[in-house]
Amino acid sequence: MSLLKFHLLGSFVAFSLIICTTCDAQDSATSTGDELLAKYFAAQTAIVTNDSLADVKTLEDWTRQREERHAQLQEMLGLKPWPERSPLKPVVTGTHTREGVIVENLHFQAMPGLYVTANFYRPEKQEGPLPAILYVCGHGGVKKDGVSYGNKTHYQHHGAWFAKNGFVCLMIDTIQLGEIEGIHHGTYKYGMWWWLNRGYTSAGVEAWNCIRSLDYLQSRPEVDGEKIGVTGRSGGGAYSWWVAALDDRIKAAVPVAGITNMHNHVVDGCVEGHCDCMYMVNTFAWDFPMLASLVAPRPLLISNTDKDRIFPLDGVVDVYAKTRRIYELHNALGNIGLNIAEGPHKDTQELRVNAFHWMNRFLKNENPLIDVTATPLFTPEELKVFDELPKDERVTSIQESFVPMASDTLPQTQKELDALRTTAMLKLMYRSFLNSPKVPGSDVTSSKPSQSWESDDATLSVIEYHPDAVYSLPMFILNQKNVSKSKGVRVFVCDAELWSEINPRLATQFPDCPYFSKVQTSKTEGKLPHHRPGETLVILPPRGVGPTAWNTNEKKQTQIKRRFALLGQTQDSVQIHDIVQGINTLEEIKEVPLHIQGRGQAADWLLFASMFISKDSKIDLVNLSDDLRDGPYLLQVSQFLTKPQALLIAASQVKSLTVKCESPEQDAAWKSVEKVAQQLGWKIDKFNVQPSQ
């Protein structure tokens, strides 16, 4: 067995175990779907891992692409273009002194209303500017009586140690656990999948707050602005990576328990232990050594414990080894280190001591014996910044405005529509669908109906098609008996709701067909979608629906979607890919124009699939949601497209498109699009909106 095959087998076993834990015994109805999904994630992870830094053989290779990689990271954090560096408006709200350390409680605004609460530690006696440390906090919130004192109070011992040992240290709160409590867990906890559409991640806000913290540090007379280091653990370890990779003002970095490789996250399930702030929107399908390599050749100590379950040792060592190769190309092996201490995911003294050594060595050119322990000096009350939270704060709603959205202006002329379509299609292909699964080949003969079953009045055939190297997906073709010639082909894109309707009917009508769940029902139960007599009926379920449905546990569904996003995909983008591949297969076999319909979620999928299929197709979108906030969820799509704009583009790409509304809200939403269609001179058989009754 080859090494790759062995690796994928181990990955499959690991993921299979993960997907079946923390929930009830897996429903046997989804066992096939779970196995396929595990194999798919393992295979896609291997692709991402093997592609990462694979084209870097020389320093010249890396130098040529570093600027582009830097820009990609900036984009994946929602920071391209850079936000305006608005006035910081710093305010010191209190000062305390203890054991030779002065701490200032302060806040500044990373952008208007985006308050950063912080503590600034400095020696009581100081002569001239000192090296500075930006300490970014992990998930260690401190609350009393429902009042948040910020995670800066939990980690205060780090700031105190630096101040006692000849540094100044700015310790900042995160938005999730700061004095003003924002949101890190948009997809993890609150179902805010529209974050993917925005290209928004809470990691981006943390990165920007860190960058503005450097601006603040360089404004202070106590700081040597050319000697700034960054460190933090867990979430703070991740934020250390963002700012060190993005901003060359960081001269030394010690991310602690803040990174591991993609295999750990996706296949071993570490993603399930991390909130959204740990991840960029991975549009360009990076593995994490790519992120670490952007720090080179500046001093970098990767620090972790050996029993950390959410940053496992093998993944940490893998990131170090691959990053070390980039340092070797720079002839800078003295600037990279790996510190592994014994213990779990915890802020241990051994980890702190090595971080202190690193900063002494590279920011002060010293290496003294560490004989002062890091201990807290102040009460949470003494470190609190606000007596009353500011009314103009945007921390709690920053996800709504941090990443700019596309203009909602609709094109008014054919020229404007053509320009919009050209731009949007390019961005869809090179952003939202950049990492679509690779199709193994278009051998149409292997996709012809391979099996068939008969009932009293119909024949059922199944086509298996292959949207990637792992999946083989079925399409179901129903032909009525005693019909000499088909009166057309009606294709129904099938979501879970439609499958629940048709499965009882087809399971009873074709009891020997293994694709349908056996149910106790009569032939009158269940229903097929409405179609004209004599039409050939096709049911097209993408992966995750029907025969390939996976785990239905809500928490597991969330983590499955997050895995897709980590691989530079989304569940919706992959399902749209399946629909396009299925329709293309049908067109080659049937060689007649298709009439395709989707309802609800399937209408959302079909809207975007319509942009990539034959121009001879007729499309019906029933109960189409009126805002991308409601789906489909495609990486960064809201940055360049709105749903009404997408509808116009789809209509321009096919023979005809009909929107069938099921609520007054939908009537109102699509009226403006219908008006533009009329203005463009489209006839009603090209585009029309059927209002709700």
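Just so we're clear, the structure is a prediction, and the values are computed from it rather than from any experiment. (Residues numbered from 1 in each chain as written. Predicted model: local features only at pLDDT ≥ 70, side-chain atom pairs only at ≥ 80, totals over all residues. Heavy atoms only, no water.)

Within the protein, the regular secondary structure consists of 19 helices and 20 strands. Taking 26 Å as the expected radius of gyration for a compact globule of 693 residues, we find that the protein reaches 28 Å, a close match to that expectation. Structurally, the protein occupies a C-alpha span of about 95 × 60 × 55 Å along its principal axes. A burial count over the protein gives 61% of its 693 residues as buried. A separation of at least 24 residues holds for 75% of the contacts in the protein among residues at least 6 apart in sequence. Taken as a whole, the protein presents about 27900 Å² of accessible surface, with 51% of it coming from carbon and sulfur. Each charge sign in the protein was given a centre, from 70 positive and 80 negative side chains, and these centres are 3 Å apart. (Helix = DSSP H or I, 4+ residues; strand = E, 2+ residues; numbered from the N terminus. Rg over C-alpha atoms; globule rule 2.2 N^0.38 Å. Buried < 20%, exposed > 50% of the residue type's maximum accessible area, 1.4 Å probe, protein only. Contact = heavy atoms within 4.5 Å. Areas by Shrake-Rupley, 256 points an atom, 1.4 Å probe, with all protein chains shown as cover. Lys, Arg positive; Asp, Glu negative; His and termini not counted. Charge placed at Lys NZ, Arg CZ, Asp CG, Glu CD.)

Secondary-structure assignment places asparagine 197 in helix α6 (residues 194-198). Separated by 444 residues in sequence, asparagine 197 and leucine 641 place their C-alpha atoms 9.7 Å apart. Apart from residues no more than four positions distant in its own chain, asparagine 197 is found in contact with Leu628, Pro632, Tyr633, Leu634, Gln636, Val637, Ser638 and Gln639.

This part is about the packing of aromatic side chains. Tallying each qualifying case throughout the model produces 25 aromatic pairs. Between tyrosine 115 and phenylalanine 386, the ring centres sit 5.8 Å apart and the planes meet at 80°, which makes this aromatic pair edge-to-face. Of the two residues, tyrosine 115 sits in strand β3 (residues 115-123) while phenylalanine 386 sits in the loop between α12 (349-363) and α13 (414-432), which places them 271 residues apart along the sequence. Pair check on accessibility: tyrosine 115 and phenylalanine 386 agree, each one buried. (Phe/Tyr/Trp six-rings, centres within 6.5 Å; stacked < 30°, edge-to-face > 60°.)

Turning to the pattern of salt bridges, a few remarks are in order. Inspection of the entire model under this criterion finds 39 salt bridges. Between aspartate 247 and arginine 249 there is a salt bridge whose closest N-O contact spans 2.8 Å. For the pair shown, aspartate 247 and arginine 249 are each scored as buried. Ionic contacts of the salt-bridge type, sharing partners, join the residues Arg85, Arg212, Asp215, Asp247 and Arg249 into one network. (Salt bridge = Lys/Arg side-chain N within 4 Å of Asp/Glu carboxyl O.)

This part covers the nonpolar core. Across soluble globular proteins, nonpolar side chains have a tendency to be buried as a group. Among the nonpolar cores identified, the biggest contains 218 residues, and Trp242, Phe608, Leu647, Leu657 and Phe687 are the most heavily contacted of them. Among the elements that line this core, the one with the most residues is helix α7 (residues 202-219), at 9 residues. If we skip the residues at most four places from it in the chain, phenylalanine 608 touches Leu428, Ile576, Leu628, Pro632, Leu634, Val637, Leu641 and Ala646. (Core = buried A, V, L, I, M, F, W, Y, C linked by side-chain atoms within 4.5 Å.)

Right, let's get into the packing of α13 against helix α18 (residues 643-653). Running from amino to carboxyl end, α13 crosses α18 at an angle of 100°, the nearest separation of the two axes being 10 Å. Considering the angle they form, α13 stands roughly perpendicular to α18. Between α13, through Leu417, Leu420, Arg421, Ala424 and Met425, and α18, the contact on the second element is made entirely by Gln645, Leu648, Ile649, Ser652 and Gln653. Tallied by class, residues from the contact of α13 with α18 come to 6 nonpolar, 3 polar and 1 charged. (Axes fitted to C-alpha atoms, helices over the stretch in contact; angles between N-to-C directions. Parallel < 35°, antiparallel > 145°, perpendicular 65-115°, else oblique. Nonpolar A, V, L, I, M, F, W, Y, C, P; charged D, E, K, R; others polar.)

This part covers the packing of helix α16 (residues 571-590) against helix α17 (residues 601-609). Where α16 meets α17, the closest approach of the two axes is 9 Å, and the angle between their N-to-C directions is 65°. The orientation of α16 relative to α17 falls into the category roughly perpendicular. As α16 packs across α17, the resulting crossing turns out to be right-handed. Residue-level inspection shows Asp572, Gln575, Ile576, Ile579, Val580 and Ile583 of α16 in contact with α17, the latter providing Gln601, Trp605, Leu606, Phe608 and Ala609. (Left-handed = near helix turned anticlockwise from the far one by under 90°.)

Let's shift gears to a nonpolar patch on the surface. A surface patch of nonpolar side chains, about 250 Å² in accessible area, is lined by Leu313, Val317, Leu338 and Ile340. Counting residues per element, the ones that place at least two in the nonpolar patch are α11 (313-329) and β11 (336-341). By the element assignment, leucine 313 lies in helix α11. (Patch = residues over 30% accessible without salt bridge, like charges linked within 9 Å, V, L, I, M, F, W, Y side chains within 5 Å.)

Here we come to the sheet that holds strand β19 (residues 656-660). Adjacent strands of a sheet pair through backbone hydrogen bonds, lying either parallel or antiparallel. Here we have 9 strands laid out as an open sheet, ordered β12-β13-β14-β16-β15-β17-β18-β19-β20, and mixed in their pairing. Of all strands in the sheet, those with a lone pairing partner are β12 (451-454) and β20 (687-690), marking the two edges. Between one strand and the next, the sheet's axes are offset by a mean angle of 20°, whatever the strand orientation. Its contacts with the sheet put α18 on β18 (618-622), β19 and β20, and the angle it makes with β19 is roughly 140°. (Pairing = 2+ DSSP bridges.)

A large share of strand β13 (residues 458-465) lies buried, amounting to 8 of its 8 residues. Here β13 shows a buried face lined by Ala458, Leu460, Val462 and Glu464 and a second buried face lined by Thr459, Ser461, Ile463 and Tyr465. Bridge analysis of β12 against β13 gives 4 bridges, and the strand direction is antiparallel. By the bridge assignment, serine 452 is partnered in β13 with serine 461. Hairpin connection between β12 and β13: a loop of 3 residues separates the two successive antiparallel strands.

Confidence in the prediction of the protein, expressed as mean pLDDT, is 92, and 94% of residues score 70 or more. In this model, residues 1-26 is a region of pLDDT below 50 whose contacts with residues beyond four sequence positions or in other chains number 44 contacts. This model gives residues 442-446 a pLDDT under 50, and the stretch forms 3 contacts once residues within four places in sequence are excluded. (pLDDT = per-residue confidence, 0-100.)

Time to look at the pairing of strand β15 (residues 489-493). Counted residue by residue, β15 has 5 buried out of 5 residues, so it is predominantly covered. Burial along β15 is two-sided: Val489, Val491 and Val493 facing one way and Arg490 and Phe492 facing the other are all buried. Relative to strand β16 (residues 536-540), β15 is paired through 5 bridges, and the arrangement is parallel. From the neighbouring strand, valine 489 faces β16, where its bridge partner is threonine 536. Relative to strand β17 (residues 594-599), β15 is paired through 4 bridges, and the arrangement is parallel. Across the sheet, valine 491 pairs through a bridge with isoleucine 596, a residue of β17.

Further remarks concern the side chain of threonine 260. Residue position: threonine 260 is located in the loop between β9 (250-256) and α9 (262-266). A distance of 2.6 Å separates a polar atom in the side chain of threonine 260 from a polar atom in the side chain of asparagine 264. A distance of 3.4 Å separates a polar atom in the side chain of threonine 260 from the backbone nitrogen of valine 316. Excluding residues that lie within four positions of it along the chain, threonine 260 makes contacts with His265, Phe288, Ile310, Phe311, Pro312, Gly315, Val316 and Val319. (Polar contact = N/O pair within 3.5 Å; in protein donor to acceptor, adjacent residues only side chain to side chain.)

Turning our eyes to something else, we now look at α16. Since one α-helical turn is 3.6 residues long, residues separated by three or four positions face the same way. The end-to-end C-alpha distance of α16 is 28 Å, a good match for the 28 Å that 20 residues give at a rise of 1.5 Å each. Burial runs high along α16: 15 of the 20 residues are buried. Just downstream of α16, glutamate 591 is the residue with a positive phi angle, here 55°. (Expected span 1.5 Å × (residues − 1).)

Here we come to a negative patch on the surface. There is a patch of like negative charges on the surface, built from Asp626, Asp627, Asp630 and Glu665. Looking at the element boundaries, aspartate 627 is found in the loop between β18 and α18. A relative accessible area of 38% means that aspartate 627 is categorised as partly exposed.

With that settled, consider the sheet that holds β9. Sheet architecture is open: 9 strands sit in the order β1-β2-β3-β7-β4-β8-β9-β10-β11, paired in mixed fashion. Unpaired on one side and paired on the other, β1 (91-98) and β11 mark the two borders of the sheet. Neighbouring strand axes in the sheet, compared pairwise and without regard to direction, differ in orientation by 20° on average. Sheet topology note: the strand β10 (residues 300-305)/β11 ladder contains 6 bridges and is parallel. Note on β11: the bridge partner recorded for leucine 301 is glycine 337. In the packing of helix α5 (residues 156-164) onto the sheet, contacts are made with β2 (101-109), β3, β4 (130-136), β7 (168-172) and β8 (223-233), and the angle to β3 comes to roughly 35°. Contacts from helix α8 (residues 235-246) reach β4, β8, β9 and β10, with the element oriented near 140° to β8.

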